[in-house]
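In case you want the letters, here they are:
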Amino acid sequence: MFGAGAVGSVIGGRLRQGGTDVVLVARQAHAEAIRAHGLLLRTASGIEAVDVDVVTTIADITPGDDDVVVITAKTQDTPPIHSALLDWNPDVAVVCATNGVEHERMALRLFRRVYAMVVNLPAQFERPGEVTALWAPANAILDVGCYPSGVDDVATTLAATLAASPRLSSEADADVMTKKYGKLLVNLGNVADAAASLAGRRAAVVADAIEEGKRVYAAAGIRWEQPADDAARYEARLKSMRFDIPEGDTFVGGSTWQSLMKGATSLETDYFQGEIILLARLHGLDVPANEFLRDYASRLLRGELPVGKVPLEQLDADWREWSTRQALSVSGTDGSSS
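Reference entry: report on the structure contained in this document.

Conventions adopted
Residue positions are counted from 1 within each chain, in the order its sequence is given. Restriction of local features to residues with pLDDT of at least 70 applies here, the model being predicted, together with a cutoff of 80 or more for giving and counting side-chain atom pairs; totals for whole chains, interfaces and linings are based on all residues. The basis for every side-chain value is the complete set of heavy atoms in the structure, and neither hydrogens nor water enter the calculation. The numbering of helices and of strands both runs from the N terminus, where a helix is a DSSP run of H or I of at least 4 residues and a strand a run of E of at least 2. Only C-alpha atoms enter the radius of gyration, while the globule expectation follows 2.2 Å times N to the 0.38, with N the number of residues. Note on classification: 1.4 Å probe, protein chains only; a residue is buried when its accessible area is under 20% of the maximum for its type, exposed when over 50%, partly exposed between these limits. In this analysis, two residues are considered to be in contact whenever any of their non-hydrogen atoms come within 4.5 Å of each other. Surface accessibility in these figures is a Shrake-Rupley result with a 1.4 Å probe; residues are shielded only by whichever protein chains are displayed. Positive charges come from Lys and Arg alone, negative charges from Asp and Glu alone, with His and the N- and C-terminal ends not counted. By convention, charge coordinates are those of NZ in Lys, CZ in Arg, CG in Asp, or CD in Glu. Lines fitted to C-alpha atoms define the axes here, with helix axes fitted over just the stretch in contact, and angles between the N-to-C directions of these axes take values from 0 to 180 degrees. Angles below 35 degrees are treated as roughly parallel, those above 145 as roughly antiparallel, those between 65 and 115 as roughly perpendicular, and all remaining angles as oblique. Should the near helix be turned counterclockwise from the far one by less than a right angle, the crossing is left-handed, whereas a clockwise turn marks it as right-handed. Polarity classes work like this: nonpolar for Ala, Val, Leu, Ile, Met, Phe, Trp, Tyr, Cys and Pro, charged for Asp, Glu, Lys and Arg, and polar for all others, with Gly in that last group. Here the rule is simple: two strands pair whenever DSSP picks up at least two bridges between them. Convention used here: a crossover is right-handed provided that the path from the first strand, over the helix, to the second strand proceeds clockwise when the strands point away from the viewer. We define the nonpolar core as a collection of buried residues of types Ala, Val, Leu, Ile, Met, Phe, Trp, Tyr and Cys that are connected through side-chain atoms lying within 4.5 Å of one another. One less than the number of residues in a helix, times 1.5 Å, gives the span that helix is expected to have.

Regarding the overall build of the protein
Each helix and strand counted, the protein has 13 helices and 13 strands in total. Here the protein has a C-alpha radius of gyration of 20 Å; the compact-globule value for 338 residues is 20 Å, and the two agree. Each principal axis of the C-alpha distribution contributes one length, and for the protein these read about 70 × 45 × 40 Å. Expressed as a percentage of the 338 residues in the protein, the buried residues total 51%. For the protein, restricting intrachain contacts to residue pairs at least 6 apart in sequence, the fraction spanning at least 24 positions comes to 70%. On the protein, roughly 15,100 Å² of surface is accessible, and the fraction owed to carbon and sulfur atoms is 51%. Distance from the positive charge centre (32 side chains) to the negative charge centre (45 side chains) of the protein: 3 Å.

This is the structure in structure tokens:
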């Protein structure tokens, strides 16, 4: 598990509990705490200490023929991971357990065997050595397939291994990228909840951004909806999960919010909103809601807006004001074209 923060630690910890040979590659403080006390895996039911191997550099692991590396870092943080893997074992199977759809394309430029994993796993990094899983009864749904499509022995075995581990659900899916494009639409609301906490998901701009995403998908010929029977089954699996947040927990938003709270200097927004903006520009479309949210993320990152504390009414008002300003810049203040 390379880039083992909240998501990678939950997956790695559950795999280890299921008897899988797992090594976490983590930051120094997280690794030291795990070595001292085990990985503390926290849920609403309590805290479990998991005895799992951890290193701070993959160079400390001897490569094996059957190794699979699951990368759970955010997309913008993956280039140095790719470089380390190329030095370590350029033929290794690489699993992109990241949100968005760019990481697979980046990895395929470098590695022959690339797999996509759609990650449905709300989790939080509490402190070095301790992470919280926020879903129950399963902590995660982690379907996996070959990139760009198909399944093979690695995908099938990995999915079966995940599914056999405590509180994980996984299936091998030959069309997993369709699910990832669907998940990307959900992630278009990440900036809003980073700004206004979970209430931000109700902002008008989020609904507008998702509709823009669907429109550019259609223009680009990208499928994000599964066949009806498959979609219904997947939806039922997702609906079988519920948030089960430990009492007193401070969780108020998704991965973008968590990054900002930890003092990040970069965000996933370029691979969420940025993907929609890129597709729109390639196909001659306008996506103002996604451009607004991209710019709002930059303001959050610069500290111009309080993370998680922007009132929903202000977010809506900022969107209306921005939309008006953009319309005027296109038409000219006197209504004539410019």
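As for the packing of helix H8 (residues 204-220) against helix H11 (residues 269-282)
With their axes 9 Å apart at the nearest point, H8 and H11 run at an angle of 45 degrees to one another. In terms of axis orientation, H8 runs oblique to H11. Here H8 and H11 pass one another in a crossing that is left-handed. Taken together, the residues of H11 that come into contact with H8 (itself represented by Glu-212, Gly-213, Val-216, Tyr-217 and Ala-220) are Ile-276, Leu-279 and Ala-280. Residue composition of the contact of H8 with H11, by class: 6 nonpolar, 1 polar and 1 charged.

Some details on the side chain of Glu-275
In this fold, Glu-275 is placed in helix H11. Classification of Glu-275 by relative accessible area gives buried; the value is 4%. Non-local contacts of Glu-275, meaning those with residues more than four positions away in its chain, are made with Val-101, Glu-102, Arg-105, Leu-184 and Asp-270.

What to know about the pairing of strand E7 (residues 114-120)
Most of E7 is tucked away, with 7 of its 7 residues classed as buried. Residues Val-114, Ala-116, Val-118 and Asn-120 line one face of E7 and the alternating positions Tyr-115, Met-117 and Val-119 line the opposite face, and both faces are buried. In this structure, strand E6 (residues 93-96) lies alongside E7, joined through 3 bridges in parallel fashion. Looking at the pairing, Cys-96 lines up with Ala-116 of E7. Handedness of the crossover joining E6 and E7 through helix H4 (residues 102-108) is recorded here as right-handed.

Structural notes on the nonpolar core
Counting residues in each nonpolar core, the largest one holds 66 residues, and the members touching the most others are Leu-85 and Tyr-217. With 6 residues, helix H12 (residues 288-301) is the largest single contributor of residues to this core. Setting aside anything within four residues of it in sequence, one finds Leu-85 in contact with Phe-2, Ile-58, Val-69, Ile-71, Pro-90, Val-94 and Phe-111. Counting residues in each nonpolar core, the second largest holds 36 residues, with Ala-4, Val-22, Val-52 and Leu-121 among its members.

Observations regarding the sheet that holds strand E9 (residues 130-133)
Taking strand neighbours across the sheet as the criterion, the 4 strands line up as E3-E2-E9-E8 in an open arrangement whose pairing is mixed. What marks the edges here is a single partner per strand, and that holds for strand E3 (46-50) and strand E8 (123-127). With strand direction ignored, the average angle separating the axes of adjacent strands in the sheet is 25 degrees. Bridge count for E8 against E9 is 4 bridges, and the pairing is antiparallel. What sits directly across from Phe-125, in E9, is Val-131. Strands in contact with helix H1 (residues 6-17) are strand E2 (39-43), E3, E8 and E9; relative to E2, the strand with the most contacts, it is inclined by about 100 degrees. Across the face of the sheet, helix H2 (residues 28-37) comes into contact with E2, E3, E8 and E9 while running at roughly 90 degrees to E2.

What to know about the pairing of E3
Bridge count between E2 and E3: 5 bridges; the pairing is antiparallel. Paired with Thr-43 across the two strands is Gly-46, which belongs to E3. A loop of 2 residues connects E2 with E3, the two strands running antiparallel in sequence.

So, the sheet that holds strand E11 (residues 140-146)
Spatial strand order, E5-E6-E7-E11-E12: 5 strands in an open sheet with mixed pairing. Bordering the open sheet on either side are strand E5 (68-71) and strand E12 (168-169), each of which pairs with just one other strand. Of the strand pairs in this sheet, E7 and E11 are connected by 6 bridges, and their pairing is antiparallel. When the bridges of E11 are listed, Ala-116 appears paired with Gly-145. Most of the contacts of helix H3 (residues 79-88) go to E5, to which it runs at about 170 degrees, and overall it touches E5 and E6.

Some details on H12
Between the first and last C-alpha of H12 there are 20 Å, a value that for 14 residues agrees with the 20 Å anticipated at 1.5 Å per step. Downstream of H12 by one or two residues, Gly-303 has phi in the positive range, about 85 degrees.

Description of unusual backbone geometry
For the bond from Ala-136 to Pro-137, the omega torsion is 0 degrees, close enough to zero to count as cis. Mapped onto the elements, Pro-137 comes out in the loop between strand E10 (135-136) and E11. The omega torsion across Tyr-147 and Pro-148 is 10 degrees, close enough to zero to call that bond cis. Along the chain, Pro-148 turns up in the loop between E11 and helix H5 (153-163). For Arg-167, which is not a glycine, the phi torsion comes out positive at approximately 60 degrees. Residue Arg-167 is classed as partly exposed on the basis of its relative accessible area of 27%. Of note in this structure, Ser-197 is not a glycine but carries a positive phi near 60 degrees. The residue Ser-197 is located in the loop between helix H7 (190-196) and H8 in this model.

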